[in-house]
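# A closer look at the structure
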Amino acid sequence: MTLWSGRFDTAPDPEAFAFGVSFGFDRALFEDDVTGSLAWAEALGAAGVLSADDTRAIVDGLQAILAEGRRDPSWVSGPDEDVHSFVERKLVERIGDAGRRLHTGRSRNEQVSLDLRLYVRRRIPVLQAEVAALVAACVDRAERADAAVMPSYTHLRRAQPVLVAHYFLSHAAALRRDHARLAAAAAEADALTLGSGAIAGTSYAIDTARLASRLGFSRVVANSIDASSDRDFVAAFLYAASLAMVHLSRLAEDLIIFTGEEYGFFDLADASATGSSMMPQKKNPDPLELVRGKTGRAIGRLTGWLTTMKALPSGYNKDLQEDKEAVFDAEATLGASLGASRAVVSRLSLDADRSGRAASGLLLATDVADYLVARGMPFRRAHEVVGALVRRLLAEGRDFSALTLAEWREASELFGDDVPQVATALAAVEARRTPQSTSPQAVRMALDECRKWLASQEAGRSVAAG
Ligand code: ARG
């Protein structure tokens, strides 16, 4: 028995019916479906469509169904086509005919969009808390690194020395944009679809503004035709999840490189690594590789969904049912990847000797050029002078620290006996001036700002929970 069997004189083909069944996955919307139906029943009661008795019976019945489903999630199952059919069947089983009045003036088209909007708005804060926890792990590593330096890279070639703290905060900065992007996806989902009917609106005098605020929405959709197939919030969520995964994959790739034998700036805790079945010496960064790999899955969900939406005719089409598995899979992938990344980052140890050694030498060339600029030489000229010096040092297998004062002066008369102090990684870092730079003072301020942001997230969560 389906919600639409009255129209047909034969039962559906079992294979075709099974193909369309969504209950196996949309049961994740159980809470949201009941929440929406409770509000809808009250709105029908307020509009005088349902009697006070029927409204009471439906509300009590739905509340009992919600309690039962929460108590035993495995109870939310059966031969039903989808979660909406399941809830309605259980309601009629429980309260009889009054239950058959719940769907008055409503369509599953608006109902399923409502459910997914409620779901996304409920689950995004959970992901945001995971993002914040990873930011906190980066901030922790940054704080512990103190004044340690490491090379920064462009083209994956040594570029300039930076504080290790600055490096960790660079990933925190990207993650904070992901946090904001998830909030934007939640804002996109923030519109009530009920009142749209199947496509043309409903004929009952539903107070949609009141219904919206009852369900925590700040607005009602603008147009019932658009609302029946608008899944922009799904695309926004999948985009936010994909870009967050892209960021996690870049963090993972960095750490795979930096913890490898050739670099060795950081070491993976044994707990974050796996061994080889054949090579006893191996310590493999599997969790990081998996995060990097799963990024393809998240991006696939986004491109898959955009492809489903492309050229879809106006109004509801069953294609839209694909939205749910995309959302659930992207959510699970991002959630698990955030957790794994945090576990790895929070146990990472630093080899400050090794990172410091890699941060000195010829990558101080920009600072040597800046020294000449400070003494009046045009930068282009200074670049040439230092470039020639680098060429010579490379040929001789030496670096700046090996130069005698006479050799410095051979390159330029402007070099004084203070130049060895300038040509160190720490001096290079301390010479930076801008707020986004790696100067110790700027990094301290950035750390403080990050800590404040984390505290405000924490406070926001306890207000929401309390
Ligand atoms: N399972 C369906 C979906 O996910 C629910 C909406 C069904 N509406 C319909 N007109 N068949 O989209």
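Residues numbered from 1 in each chain as written. Predicted model: local features only at pLDDT ≥ 70, side-chain atom pairs only at ≥ 80, totals over all residues. Heavy atoms only, no water.

## Notes on the nonpolar core
The test is simple: For this analysis, a nonpolar core means a set of buried residues of the types Ala, Val, Leu, Ile, Met, Phe, Trp, Tyr and Cys, connected via side-chain atoms within 4.5 Å. When accessible area is computed with a 1.4 Å probe and restricted to protein chains, residues below 20% of their type maximum are described as buried, those above 50% as exposed, and intermediate ones as partly exposed. For this analysis, residues touch if any pair of their heavy atoms sits within 4.5 Å.
Grouped together as the largest cluster of nonpolar side chains are 108 residues, with contacts concentrated most on F30, L211, F237 and F266. The contact partners of F237, leaving out residues within four places of it in the chain, are I124, L127, L182, A185, V327, A330 and E331. Core analysis: the next-biggest nonpolar cluster, separate from the first, contains 20 residues, L364, A382, L393 and L403 among them.

## So, the layout of surface pockets
Test applied: Both cavities and pockets are sets of points on a 1 Å grid over the protein atoms alone; in a cavity a 1.4 Å probe fits but cannot get out, in a pocket the set is open with protein on both sides within 12 Å along at least five of seven lines, and lining residues sit with an atom within 4 Å of a point. Grid points are joined across faces, edges and corners, and a volume is the space filled by probe spheres set on the points. Under the scheme used here, helices are H or I runs from DSSP no shorter than 4 residues and strands are E runs no shorter than 2 residues, and both carry numbers assigned from the N terminus. By the convention adopted, Pro, Cys, Tyr, Trp, Phe, Met, Ile, Leu, Val and Ala count as nonpolar, Lys, Arg, Asp and Glu as charged, and the other residues, Gly among them, as polar.
Of the pockets and cavities examined, the largest pocket occupies roughly 560 Å³. Taken together, 19 residues line the largest pocket, and the ones lying closest to its centre are Y167, S170, H171, R250 and D254. Broken down by secondary-structure element, the contributors of at least two residues to the lining of the largest pocket are strand 1 (149–154), helix 7 (164–188) and helix 10 (232–258). Of the residues belonging to the lining of the largest pocket, the class tally is nine nonpolar, six polar and four charged. As a volume, the second largest pocket reaches approximately 410 Å³.

## Some remarks on the site of the ligand
What counts here: In these notes, residues near a molecule or strand are those with any non-hydrogen atom within 4 Å of it. Polar contact is the term for a pair of N or O atoms within 3.5 Å; when the atoms are in protein, one must be able to donate a hydrogen and the other to accept it, and sequence-neighboring residues count only if both atoms are side-chain atoms. We get accessible surface area from the Shrake-Rupley algorithm with a probe of 1.4 Å; when it comes to residues, only the shown protein chains can shield them.
Taken together, the neighbourhood of the ligand is formed by S22, D82, H84, R108, N109, V112, Y316, Q321 and K324. N109 is positioned such that a nitrogen or oxygen atom in its side chain is 2.9 Å from a nitrogen atom of the ligand. Y316 has a polar side-chain atom sitting 2.4 Å from an oxygen atom of the ligand. Its free accessible area being 340 Å², the ligand has 86% of it covered by the protein chains. Sorting elements by how many residues they give to the shell around the ligand places helix 6 (residues 108–145) first, with three residues. When its residues are assigned to classes, the shell around the ligand shows two nonpolar, four polar and three charged.

## Description of the side chain of E88
Inclusion rule: In this count, Lys and Arg are taken as positive residues and Asp and Glu as negative ones, while His and the chain termini are left out. Any Lys or Arg side-chain nitrogen found within 4 Å of a carboxyl oxygen on Asp or Glu counts as a salt bridge.
Its location among the elements puts E88 in helix 5 (residues 83–95). Among buried Asp, Glu, Lys and Arg side chains, E88 stands out as unpaired, with R106 the closest opposite charge at 4.9 Å. The residues touching E88, leaving out its near neighbours within four places in the chain, are L3, G99 and H103.

## A few points about the environment of L363
Structurally, the position occupied by L363 is in the loop between helix 13 (352–358) and helix 14 (365–374). Along the primary structure L363 and A165 are separated by 198 residues, whereas in three dimensions their C-alpha atoms are 19 Å apart. The contact partners of L363, leaving out residues within four places of it in the chain, are P151, R158, A159, Q160, P161 and A358.

## Description of the packing of aromatic side chains
The cut-off we apply is this: Pairs were defined over the aromatic rings of Phe, Tyr and Trp, the Trp ring being its six-membered one, requiring ring centres within 6.5 Å. Orientation was assigned from the angle between planes: stacked under 30 degrees, edge-to-face over 60, tilted for the rest. Placement of a positive charge over a ring is assigned whenever Lys NZ or Arg CZ falls within 6 Å of the ring centre and within 35 degrees of the normal to the ring plane.
In the structure shown here, the tally under the stated rule is 19 aromatic pairs. Ring-pair connections join several aromatic residues into one group, and the members of that group are Y153, Y167, F168, F258, Y263, F265 and F266. Seen from the ring of Y371, R375 lies directly overhead, with NZ or CZ sitting 3.5 Å from the centre.

## So, helix 5
Using the following cut-off: Multiplying one less than the number of residues by 1.5 Å gives the expected span of a helix.
Its 13 residues give helix 5 an end-to-end C-alpha distance of 18 Å, which sits within 8% of 18 Å, the value for a rise of 1.5 Å per residue. Where helix 5 is concerned, the buried positions are V83, H84, S85, F86, V87, E88, K90, L91 and V92. Next to the buried residues of helix 5 lie helix 2 (23–26), helix 3 (30–46), helix 4 (52–71) and helix 6. Directly after helix 5, the chain includes G96, whose backbone phi takes a positive value near 75°.

## Considerations on the pairing of strand 2 (residues 157–163)
How we decide: At least two DSSP bridges between two strands are needed for those strands to be called paired.
For strand 1 and strand 2, the ladder comprises five bridges, and the chain directions are antiparallel. Paired with P151 across the bridge in strand 2 is P161.

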